Amino acid sequence: MSASVVSLVEPMQVDVEVQDGENVPVAAADDEEQRTFLIENPNLDLEGYANGYAGYMKTMRLIFVAQHCPSLRIESYRMAISHVKKTLNVALYQQLHDKLLESLRLANLPTEGLMLDVEWVDQTTKHAETLLEKLETDLKTFKNAAIKESIRRGFDDLGLHYLNMGDLQNALKFHSRARDYCSSPKNIVIMCTNVIKVCVFLGNWQHVLSYVAKAEGTGLGGDKDHCTPQLQTKLRCAAGLANLAMGKYKLAAKNFLQSSIDHCEFPELMSASNVTVYGSLCALATFTREELQTDLINCSSFKMMLELEPNLREIVFAFYKSQYARCLELLSEVRENLRLDMHLSPHINNLCQQIRFRALVQYFSPYKVADMHKMAAAFKCSVNELENELMPLIFNGQIPARIDSQKKVGACYCCCCCCC
């Protein structure tokens with residue numbers, strides 16, 4: 001595989017128009033800070049974290065942690081190597097071995113005995129080539145016999161084989177070619193989910209959304225026996241991940257909030273914890289107070305997922321109870337750990353900023369006149385810092401008010417109900 005380790009784990013970001021309820025820029029893929037940031041002292045159980053994933057996603061996440069967390073770098077590379085050796089991805093194994101050696105040398109740790117497993121490389125390479133030749137021969141046989149179902153399975157088998165080798169482009173090509181040989185709604189859904197998975201790895205988010213729509217349309221219009229609650233949750237979460245990556249945070253929140261705790265079982269894409277974190281943060285950043293209550297706080301299924309993430313649950317309920325200082329303080333405490341999530345990392349600064357802005361708007365909304373000294377105390381910042389934050393919110397119409405810089409008060413020019 002020709003791609004470098006770095007290119008494997010930096011998800012593609014796409015510039016998109018701002019959607020309703022969203023006022024945040026999308027993180028750029030080539031942003032230098034995003035590529036080079038380091039987290040020095042994370043509170044992360046690496047083994048427990050890695051066990052939440054499977055397949056190629058597990059490898060990608062371990063590499064991302066290794067790139068951005070020096071204290072976990074060596075352990076992450078070791079775990080990634082151990083996992084990759086269960087696949088046919090020889091090129092990635094060799095890259096990770098080089099990265100591990102480099103990390104050990106930089107840490108002044110011994111590298112003796114850490115040799116490249118040449119025997120495994122040779123055997124795996126031969127096995128991959130032999131299996132590829134067999135699968136290609138089988139596909140030719142199926143085509144000659146004109147057996148449509150067998151041809152479809154042949155394309156799927158080749159797609160899975162290329163994915164196991166780490167060749168994502170060919171995996172996508174063969175999974176996509178199975179489309180012309182799908183003879184039932186179930187076949188179409190299988191093809192769509194295979195394509196969606198590879199497109200997530202490639203960061204091809206528009207394709208993810210297209211195939212989610214195709215799979216959901218097939219389920220609604222055809223035999224519903226195959227459209228299980230687990231599949232529905234998987235498709236909603238894939239759409240949520242794509243919308244998150246494209247900066248469409250409100251759409252992402254709605255997608256994730258449609259998930260069921262009993263059906264979040266697809267570690268090859270994300271964990272149940274990911275669904276909870278992504279959905280909650282996107283909702284806090286974009287939902288109105290009424291939407292938070294209806295779609296998150298009172299959503300029985302998602303509320304059960306929140307119970308498994310006590311820190312996040314406290315953040316959500318602190319925000320809802322207008323305990324903004326507490327909410328933002330707790331968010332700040334988990335922010336560094338959240339940056340080690342490869343899909344959330346490019347967006348965490350935007351999301352946290354948007355959550356803070358929404359808190360400012362909600363704090364101000366009941367008052368005719370708001371004392372900025374009291375408001376600054378509530379948000380644990382200086383009056384001048386608060387004034388600088390309020391100005392853009394006033395200019396873009398999110399807060400219908402004017403600031404009296406002499407008296408340090410904010411006065412609404414809309415119908416309000418009380419004074420602060």
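## Description of the environment of L244
Here is step 1: Within the fold, L244 resides in helix α12 (residues 229-245).
Here is step 2: Setting aside its immediate chain neighbours within four residues, L244 contacts Y249, A252, Y278, C282, H343, H347 and L351.

## So, the environment of D157
Here is step 1: Relative to the helices and strands, D157 is located in helix α8 (residues 148-165).
Here is step 2: As a C-alpha pair, D157 and A178 span 21 residues in sequence and 9.9 Å in three-dimensional space.

## Topic: empty space enclosed by the protein
Leftover empty space is mapped by rolling, across the atoms, a probe with the size of a water molecule.
Here is step 1: Applying the stated criterion across every chain yields a total of 1 cavity of 30 Å³ or more.
Here is step 2: Lining the largest cavity, in full, are T193, I196, K234, L235, A238 and L269.
Here is step 3: Looking at the lining of the largest cavity, the elements that each hand over two or more residues are α10 (185-202) and α12.
Here is step 4: With 3 residues, the single largest contributor to the lining of the largest cavity is α12.

## Some points on the nonpolar core
Here is step 1: Membership of the largest hydrophobic core comes to 132 residues, with the highest contact counts inside it found for V208, L281, L296 and F379.
Here is step 2: For this core, the element with the highest residue contribution is helix α19 (residues 348-364), accounting for 10 residues.

## A few points about helix α18 (residues 324-338)
Here is step 1: The end-to-end C-alpha separation of α18 is 20 Å, in line with the 21 Å expected for 15 residues at 1.5 Å each.
Here is step 2: Of all the residues in α18, the buried ones are Y324, A325, C327, L328, L330, L331, V334 and L338.
Here is step 3: Looking at the buried residues of α18, the elements they touch are α14 (272-286), α17 (310-320), α19 and α20 (372-378).

## Some words on the packing of aromatic side chains
Here is step 1: Taken as a whole and judged by the stated rule, the model has 11 aromatic pairs.
Here is step 2: When the centroid spacing of 4.9 Å and the interplanar angle of 65° are considered together, the rings of Y93 and W120 count as edge-to-face. Of this pair, Y93 sits in helix α6 (residues 90-106) while W120 sits in helix α7 (residues 118-145), and the two are 27 residues apart along the sequence.
Here is step 3: Put simply, the rings of F155, Y162, F174 and Y181 touch in pairs and so form one group of aromatic residues.
Here is step 4: We note R289 situated over the ring of Y320; from NZ or CZ to the ring centre the distance is 4.6 Å.
Here is step 5: One residue, R313, lies across the ring of F317, its end atom 4.6 Å from the ring centre.

## A short note on the packing of α14 against α19
Here is step 1: Closest axis-to-axis distance for the α14/α19 pair is 7 Å, and the angle between their directions is 45°. Relative to α19, the element α14 is oriented oblique. As α14 runs across α19, the sense of the crossing is left-handed. Here α14 contributes L281, C282, L284, A285 and T286 to the contact with α19, which in turn contributes I348, L351, Q354, I355 and R358.
Here is step 2: By residue class, the composition of the contact of α14 with α19 is 7 nonpolar, 2 polar and 1 charged.

## Things to note about the layout of surface pockets
Here is step 1: Estimated volume of the largest pocket: approximately 760 Å³.
Here is step 2: As for the largest pocket, its lining consists of 28 residues, of which L44, S273, E309, N337 and L338 are closest to the centre.
Here is step 3: For the lining of the largest pocket, the elements supplying multiple residues, two or more each, are α3 (46-50), α14, α17 and α18.
Here is step 4: Of the residues forming the lining of the largest pocket, the biggest block, 5 residues, is contributed by α18.
Here is step 5: Considering only residue class, the lining of the largest pocket consists of 14 nonpolar, 9 polar and 5 charged.

## Some details on unusual backbone geometry
Leaving glycine out, the prevailing phi sign among residues is negative, and the prevailing peptide bond configuration is trans.
Here is step 1: Phi is positive for N108, which is not a glycine, with a value near 55°.
Here is step 2: With respect to the helices, strands and loops of the structure, N108 is situated in the loop between α6 and α7.
Here is step 3: Even without being a glycine, A146 presents a positive backbone phi close to 55°.
Here is step 4: Within the element layout of this structure, A146 appears in the loop between α7 and α8.

## A word on the packing of α14 against α17
Here is step 1: Where α14 meets α17, the axes come as close as 11 Å, and the angle between the chain directions of the two elements is 15°. Between α14 and α17, the crossing angle belongs to the class labelled roughly parallel. Between α14 and α17 lies a crossing whose hand is left-handed. Across from T276, V277, S280, L281 and L284 in α14, the residues of α17 making contact are L312, I315, V316 and F319.
Here is step 2: In terms of residue class, the contact of α14 with α17 is made up of 7 nonpolar, 2 polar and no charged.

Parameters at a glance
Residues numbered from 1 in each chain as written. Predicted model: local features only at pLDDT ≥ 70, side-chain atom pairs only at ≥ 80, totals over all residues. Heavy atoms only, no water. Helix = DSSP H or I, 4+ residues; strand = E, 2+ residues; numbered from the N terminus. Contact = heavy atoms within 4.5 Å. 1 Å grid on protein atoms, 1.4 Å probe; cavity = no way out; pocket = protein on both sides within 12 Å on 5 of 7 lines; lining within 4 Å. Points joined across faces, edges and corners; volume = space filled by probe spheres on them. Core = buried A, V, L, I, M, F, W, Y, C linked by side-chain atoms within 4.5 Å. Buried < 20%, exposed > 50% of the residue type's maximum accessible area, 1.4 Å probe, protein only. Expected span 1.5 Å × (residues − 1). Phe/Tyr/Trp six-rings, centres within 6.5 Å; stacked < 30°, edge-to-face > 60°. Lys NZ or Arg CZ within 6 Å of the ring centre and 35° of its normal. Axes fitted to C-alpha atoms, helices over the stretch in contact; angles between N-to-C directions. Parallel < 35°, antiparallel > 145°, perpendicular 65-115°, else oblique. Left-handed = near helix turned anticlockwise from the far one by under 90°. Nonpolar A, V, L, I, M, F, W, Y, C, P; charged D, E, K, R; others polar.

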